[in-house]
Amino acid sequence: MMPRAIKLLGNAVRVLLEETPKGLDLDEVRMHLEQVPHVVAVHDLHASTVSTGMPILMAHVVVERGLTMEDAARILSQLQNCLREHFPVSIPHTTFQLEPEGYSSASLPQMHS
Ligand SMILES: [Zn+2]
Ligand SMILES: [Zn+2]
């Protein structure tokens, strides 16, 4: 009896601690996002589930320097299309912060889609 009870408790604790929604592999999400053209790296990737259902996603996306606003807008929509096609996340509530390569995030204004 005891080992079984402990196992169940372990699962419950893990679920509570695990912010990442079930079925969403953040490593896989990162790999996808980094394959979008002009994206150099992705960090601070977080996902959480809101009470209304679908997971939302937040990420800092480092892009090549010297891109125009049009480039940035295209990258944002490509990032969202990638998620929409490949992962069960809620796109309207997904936030990407684009960061030019070589800059620290602290000095940058946020770019919203
Ligand atoms: Zn950052
Ligand atoms: Zn994808």
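From a predicted model like this one, the values you see are computed outputs, not experimental measurements. (Residues numbered from 1 in each chain as written. Chains lettered and ligands numbered in written order. Predicted model: local features only at pLDDT ≥ 70, side-chain atom pairs only at ≥ 80, totals over all residues. Heavy atoms only, no water.)

### Considerations on the coordination of the zinc ion (ligand 1)
Here comes step 1: Note on the zinc ion (ligand 1): its protein donors are His43 (NE2), His60 (ND1) and Glu99 (OE). The metal-donor distances range over 1.9 to 2.1 Å.
Here comes step 2: Site description for the zinc ion (ligand 1): donor spacing in sequence, H-x16-H-x38-E. Linking His43 in strand E1 (residues 39-49) with Glu99 in strand E3 (residues 95-100), this pair joins segments that are 56 residues apart in sequence.
Here comes step 3: With a relative accessible area of 29%, His43 lands in the partly exposed category.
Here comes step 4: Here Glu99 falls in the buried class, since its relative accessible area comes to 2%. (Donors = N, O, S within 2.8 Å, 3.2 Å for Na, K, Ca; no water. Helix = DSSP H or I, 4+ residues; strand = E, 2+ residues; numbered from the N terminus. Buried < 20%, exposed > 50% of the residue type's maximum accessible area, 1.4 Å probe, protein only.)

### A closer look at the pairing of E3
Here comes step 1: Inspection of the sheet shows strand E2 (residues 55-63) paired to E3 by six bridges, in the parallel sense. Across the sheet, His60 pairs through a bridge with Gln97, a residue of E3. (Pairing = 2+ DSSP bridges.)

### A look at the sheet that holds E1
Here comes step 1: Reading across the sheet, the three strands line up as E1-E2-E3 and stay open at both edges, with mixed pairing between neighbours. With partners counted over all chains shown, the strands left at the sheet margins are E1 and E3, one partner each. Each neighbouring strand pair of the sheet contributes to a mean axis angle of 10 degrees, computed without reference to strand direction.
Here comes step 2: Each of E1, E2 and E3 is contacted by helix H2 (residues 26-33), which is oriented at about 145 degrees to E1, the strand it contacts most.
Here comes step 3: Along the sheet, helix H3 (residues 69-86) contacts E1, E2 and E3; its crossing angle with E3, the most-contacted strand, is approximately 140 degrees. (Axes fitted to C-alpha atoms, helices over the stretch in contact; angles between N-to-C directions. Contact = heavy atoms within 4.5 Å.)

### Here we look at the coordination of the zinc ion (ligand 2)
Here comes step 1: All of the protein donors around the zinc ion (ligand 2) are His32 (ND1), Cys82 (SG) and His86 (ND1); their distances to the metal are 2.0 to 2.2 Å.
Here comes step 2: For the zinc ion (ligand 2), the donor residues sit on a single chain with the sequence spacing H-x49-C-x3-H. Remark: Cys82 occurs in helix H3 and His32 occurs in helix H2; sequence separation between them is 50 residues.

### Some points on H3
Here comes step 1: Across its 18 residues, H3 extends 26 Å between first and last C-alpha, which sits within 8% of the 26 Å expected from 1.5 Å per residue.
Here comes step 2: For H3, the complete set of buried residues consists of Asp71, Ala72, Ile75, Leu76, Leu79, Gln80, Cys82 and Leu83.
Here comes step 3: Turning to H3, the residues buried within the fold contact H2, E1, E2 and E3. (Expected span 1.5 Å × (residues − 1).)

### Some details on the nonpolar core
Here comes step 1: Counting residues in each nonpolar core, the largest one holds 23 residues, and the members touching the most others are Leu57, Leu79, Leu83 and Phe96.
Here comes step 2: For this core, the secondary structure elements donating two or more residues are H2, E1, E2, H3 and E3.
Here comes step 3: The dominant element in this core, judged by the number of residues it contributes, is H3, at five residues. (Core = buried A, V, L, I, M, F, W, Y, C linked by side-chain atoms within 4.5 Å.)

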